[in-house]
4 protein chains.
Amino acid sequence: MYKLAIIGDGYTAAELLRLLTYHKQLRAVKVLSVDFIGKRMDQIYPQLLGFSDLICEPSRIDDIKGACDAAFLALPHGFSVPIVKQLLEWNIKCVDLGADFRLEDTKIYEEYYQLEHEEPELLKKAVYGIPELYREQIKRTDLVANPGCYPTSAIIPLAPLLESGLIEDNIIIDSKSGVTGAGRELRPSSHFCEVNEGISPYGTGVHRHGPEIAQELSRAAGKKLDVTFTPHLLPINRGILSTIYARLKPGVTEKTARTCLEDKYGAEPFVNILAKGMMPNTKWVYGSNMVDIGVYADEDSGRLILGSVLDNLTKGASGQAIQNMNLLLGLEETAGLKIPGLHP
Amino acid sequence: MYKLAIIGDGYTAAELLRLLTYHKQLRAVKVLSVDFIGKRMDQIYPQLLGFSDLICEPSRIDDIKGACDAAFLALPHGFSVPIVKQLLEWNIKCVDLGADFRLEDTKIYEEYYQLEHEEPELLKKAVYGIPELYREQIKRTDLVANPGCYPTSAIIPLAPLLESGLIEDNIIIDSKSGVTGAGRELRPSSHFCEVNEGISPYGTGVHRHGPEIAQELSRAAGKKLDVTFTPHLLPINRGILSTIYARLKPGVTEKTARTCLEDKYGAEPFVNILAKGMMPNTKWVYGSNMVDIGVYADEDSGRLILGSVLDNLTKGASGQAIQNMNLLLGLEETAGLKIPGLHP
Amino acid sequence: MYKLAIIGDGYTAAELLRLLTYHKQLRAVKVLSVDFIGKRMDQIYPQLLGFSDLICEPSRIDDIKGACDAAFLALPHGFSVPIVKQLLEWNIKCVDLGADFRLEDTKIYEEYYQLEHEEPELLKKAVYGIPELYREQIKRTDLVANPGCYPTSAIIPLAPLLESGLIEDNIIIDSKSGVTGAGRELRPSSHFCEVNEGISPYGTGVHRHGPEIAQELSRAAGKKLDVTFTPHLLPINRGILSTIYARLKPGVTEKTARTCLEDKYGAEPFVNILAKGMMPNTKWVYGSNMVDIGVYADEDSGRLILGSVLDNLTKGASGQAIQNMNLLLGLEETAGLKIPGLHP
Amino acid sequence: MYKLAIIGDGYTAAELLRLLTYHKQLRAVKVLSVDFIGKRMDQIYPQLLGFSDLICEPSRIDDIKGACDAAFLALPHGFSVPIVKQLLEWNIKCVDLGADFRLEDTKIYEEYYQLEHEEPELLKKAVYGIPELYREQIKRTDLVANPGCYPTSAIIPLAPLLESGLIEDNIIIDSKSGVTGAGRELRPSSHFCEVNEGISPYGTGVHRHGPEIAQELSRAAGKKLDVTFTPHLLPINRGILSTIYARLKPGVTEKTARTCLEDKYGAEPFVNILAKGMMPNTKWVYGSNMVDIGVYADEDSGRLILGSVLDNLTKGASGQAIQNMNLLLGLEETAGLKIPGLHP
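Residues numbered from 1 in each chain as written. Chains lettered and ligands numbered in written order. Predicted model: local features only at pLDDT ≥ 70, side-chain atom pairs only at ≥ 80, totals over all residues. Heavy atoms only, no water.

## Here's the deal with the relation of the copies chain A and chain D
In this structure, two copies of a chain are linked by a rotation about an axis accompanied by a shift along it.
Turning to step 1, where the next piece is worked out: With an RMSD of 0.0 Å, the operation that places chain A on chain D is a rotation of 180 degrees combined with a shift of 0.0 Å along the axis. Interpreted geometrically, this transformation is the action of a two-fold axis.
Turning to step 2, where the next piece is worked out: A high fraction, 100%, of the interface residues of chain A reappear at the interface in chain D, so the copies pair face to face through one surface. (Least-squares fit on C-alpha atoms with pLDDT ≥ 70 in both. Contact = heavy atoms within 4.5 Å.)

## Some words on the environment of Leu241 of chain D
Turning to step 1, where the next piece is worked out: Checked against the element boundaries, Leu241 of chain D lands in strand E11 (residues 240-247).
Turning to step 2, where the next piece is worked out: The spacing of Leu241 of chain D and Ile273 of chain D is 32 residues in sequence and 15 Å in space, taken between C-alpha atoms.
Turning to step 3, where the next piece is worked out: Setting aside chain neighbours within four positions, we find Leu241 of chain D in contact with Ile199, Ser200, Pro201 and His232 of chain A together with Asp174, Ser175, Lys176, Thr282, Gly307, Ser308 and Val309 of chain D. (Helix = DSSP H or I, 4+ residues; strand = E, 2+ residues; numbered from the N terminus.)

## Regarding the domain arrangement of chain A
Residue and element names in this part refer to chain A.
Turning to step 1, where the next piece is worked out: If you check the domain split of chain A, you get domain 1 (2-146 + 315-328) and domain 2 (150-313).
Turning to step 2, where the next piece is worked out: Contacts between the two partners involve 27 residues from domain 1 and, on the opposite side, 32 residues from domain 2.
Turning to step 3, where the next piece is worked out: The contact between domain 1 and domain 2 buries some 2,600 Å² in all, and 52% of this surface belongs to carbon and sulfur atoms.
Turning to step 4, where the next piece is worked out: Per-residue buried area on domain 1 facing domain 2 is highest for Tyr11, Tyr112 and Lys315; these three make up 26% of the total on that side.
Turning to step 5, where the next piece is worked out: Counting across the domain 1 and domain 2 interface gives four salt bridges.
Turning to step 6, where the next piece is worked out: Across the pair Glu268 and Arg135 runs a salt bridge, and its minimum N-O distance is 2.8 Å. (Domains from an automatic or database assignment. Buried area = accessible area lost by both parts, 1.4 Å probe. Salt bridge = Lys/Arg side-chain N within 4 Å of Asp/Glu carboxyl O.)

## Some points on the interface of chain C and chain B
Turning to step 1, where the next piece is worked out: Taken together, the contacts link 43 residues of chain C with 43 residues of chain B.
Turning to step 2, where the next piece is worked out: Across the chain C/chain B interface, buried area totals approximately 3,500 Å², and carbon plus sulfur atoms make up 54% of it.
Turning to step 3, where the next piece is worked out: Its largest share of buried area at the contact with chain B, chain C owes to Glu197, Ile199 and Tyr245 of chain C, together 19% of the area lost on that side.
Turning to step 4, where the next piece is worked out: For the interface between chain C and chain B, the tally reads four salt bridges.
Turning to step 5, where the next piece is worked out: The shortest N-O distance in the salt bridge between Asp226 of chain B and Arg303 of chain C comes to 3.3 Å.
Turning to step 6, where the next piece is worked out: Inspection of the chain C/chain B interface yields 34 residue pairs in polar contact (both at pLDDT 80 or more). (Polar contact = N/O pair within 3.5 Å; in protein donor to acceptor, adjacent residues only side chain to side chain.)

Shown next as structure tokens:
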């Protein structure tokens, strides 16, 4: 049994506790908080009543030393850098659910997050945590940069197609997300009445997940790609759908594209490539760690349309974080994560 | 490992399959259907992709003989009676999620369900399946009448207070339910646009769960009770909240009432009596098998208000059915059911 | 054409502007704000794009003098008292949408609002603004206390039955409200993810609308009544349903009760008494100024159940405010308000 | 006052009645039905209680002769053709809300609707009813093909840019629609529980509005265009957002594009071109006849992103139908339609 710290007290922290209920080898022994010190997590998140007796502790990193084998960091950007540095020195492995170690290029980080990166050296250790793509690297590191929810939904279906050179590089990603993706913070855009019964694009052209997607797709393509990414806010709690538009290279068919994805992911426990004619619904992965992918092509025109869904709190955050932690600690990758979605 | 049949293919059948994913000793080996023969359950309910490979079979009860140890029946009323009769003769234990064995008085059954009861003798075998109240009887029978979702939410908080003689008998139960409670059938009242952004009472004074509640509360009180029950349809998928109004007997305080419930349920794994000042939200039990109960009294006037929530598909149907099946088969009562709610 | 000031910039202010679009004799010429000074209302509320060019002005009451004939106050409690005092001195008629002039008994005001009432004398001028009950008094005053949304939904159906002595005095009001009722302020309880897919009672036994309801029902009954009122928060934008439980006096039938309401409201433009067997849905009055009332009684037991719906922003706030303003200014009571609900 | 027939009884028929409440010169005198003969419209759609006393009549077209000046047809495809033929012979002008007269090419009609077109000659009379584009032609005809909801949302923003030659022809339209767009019919995909808390693409590559969009955009461009159109179903009642991706021609800037749209639509009463930096929310046009359009371009890469919203039942159906009817009858185009959206 490994002892874990959770640093942070938001929705992804609560989701880690939910998922760890199913895990036989990982146990959260500490939750570090700023706002809720002294409160029980099951008071803040009463769905945990009967499932967790953890009490939020002050954010003193020293308390983790000796008490924990590894840590999840679920913090706003900028806060993880010094903590990770310290924890790694104590040989405490880290999965960072925030953005601090996702971008290799500190200039882009600084442009999008308006913050100088304090430890560029650490970036070299960090592995971008999509196990389906970087499993072996993750096993060999002690710092995982857990990906953003939008990027996970876009990179998983696109990376193999780009690696195999099946599609052109003018790619459009139209993503739709539930509101938990924006966290628990109070802002006008998460007020019930401002969200309910509506849909709207936001952050057009400037969303922080844009460069993260571009970085990974460029790596897969072996050249710098220009990607269009537009997120939308949707009146649901959980779920991201990315509808992806690309052009097939001459001679490539829908079948070639589907086969490429099936070859890559057929043995993966958390990816379903849907049968011909099916497009996914975010409901199918509500609460699960799955990614469901539908493939459609109009072969006359060469247009390819992919539909990719995941739950932004599980495969898009805490589920993938546990998947990464399992790899970091040498456990079965699926431990604690074989849970079906809740539908309806 | 016990082998189980699921007779029916609706939401509660799918929910049984979801929950059995977590169960180490029960395995569904058959799903009997009328509408979906030959289809895989994970095609009809794609949240099960990767979690079930069952194919809907024709509803031939003979096929169960020898193949299954026990059966869940998830059928419209009237259909279970002959099937249960047959299965019991083959020593196949049954949990019936429908209404056929809930009402002891066949006259009331016939009035409310417009159907003559074909096997009144079987009613004597049937135990009303709220384990928190009838655990020992359930262990000794081979036929459980799994309760309705509304009744479970009302009976659990009220029965101990009536048994202990703490409240008067003029009880009002104002219940609010998500739409899964009405099943998967297509009707105007479950069309998205007719439900979304609205709330309405329905079945005022004539809902079939009224006599079921009255039967059980009368049993607890030791005398015939007159109960007012009003259900409402709510634009959510899962969840029932019953707000219950009663009068404390002279001298009874909020503390007495809460203590009575704590004494009864303190050791129960699936009931939370909330702390003073808390009222529950259906969100806290979304997908779990829990019942959360809040208690408030205005001691000057003697008014008692209880808030009771559950998920109508789990503790209100399939979760409680598995809890009952565990008892029927001599397994740990909580097996497969220690799963927290999904929030948010 | 009368010139009006709107003091406040929240949802009810925006709703006043929406409704005034339909009004030929009232024109909003000023919006006074604290947070949005200098901003156009159609920037804050883009549904008004093309319908209003008003710019939020600083909250200087002096600016209203000479510029406006009357004013709507849409402010948090406590703020209206000094402003109303000043405006009345300038002969500017006022409809106050807040709570400052609703309760006759300043002790109760002070207990529930934790604030001393600065101008108890003004309370004598204020008329409680339900035109269906107090039409003549409203016409003769210059200060209307616009009622709370919950109280309007409960008082309209109950007052005639109490006045006519048809029901006993142990009354239970179980109310369900959309989230706009809580305003635009950011708080955890109005975060999308905390509301969506759930329902919960709140303010059990202590909600500020309790004494307001008790005051008006007691007036109708001619004696002090003890009323149980429980509000619930619901994942919809607009709408209140109050499900009301009472006991018929001996010999009173459902027909007597319905006839009493039909006699009282048959000629009212904004009240529908539904036909036997119908219960209302909040969707039917979405955006309209209507109250729809369903009546059911179980004559054996004498139980009476009423269902009463309105839109909390229109008949529950801004629509009724305009109805009151029409009366204050001697206009046709229905001017600007004959608009049907939006469904679906 | 013109007397109108409404042929059909679905959501768009009910919406016509709602909107006609605001119209001083048009009056619905007949509703022809198949399913609800003899029922009052305000029984089927209780939001109309107090606003309409129309009773559904049998679908005998002869009854319209002499009784009505013009007709709205709100019928499934295929049904309008013979009725329109008859009505035009009697000089009764028609606005057809269905699909029968939208496609000029009967081969495409037959391919997409699986039905031979019985009156190709009539197609020549029909004008595609987007007044902002075809105002003068509409005034001169007596048959308007009221456009589909998705096409309206896509054609209004794109047509001027194509006419002016500002964009390349590889256009992607990612549309998201509320459920009323699918009508009142009962099907699994409109069951509340199957829609709520989810989003999914549907009809990928084969939706019937695809060729309608292609026809109109090709006309604007002056050459045959290949357009990618993907609709999505969204858990809201009303509203369509089309997020549109195109490439600016070399040298074209965001400002050029916005100016082109402002020049075209600046004086239009039902189109708002949003200020730089704003993208629209479907909530802003909930219940109104407006189209709100946001414009964003990344000038380095030449990518253009448009966001276009409307209410599928008003500007996407019944509101635009009344706008067209106003033109057919020589009335003020905006009569009955200057109503703001309902928000929140």
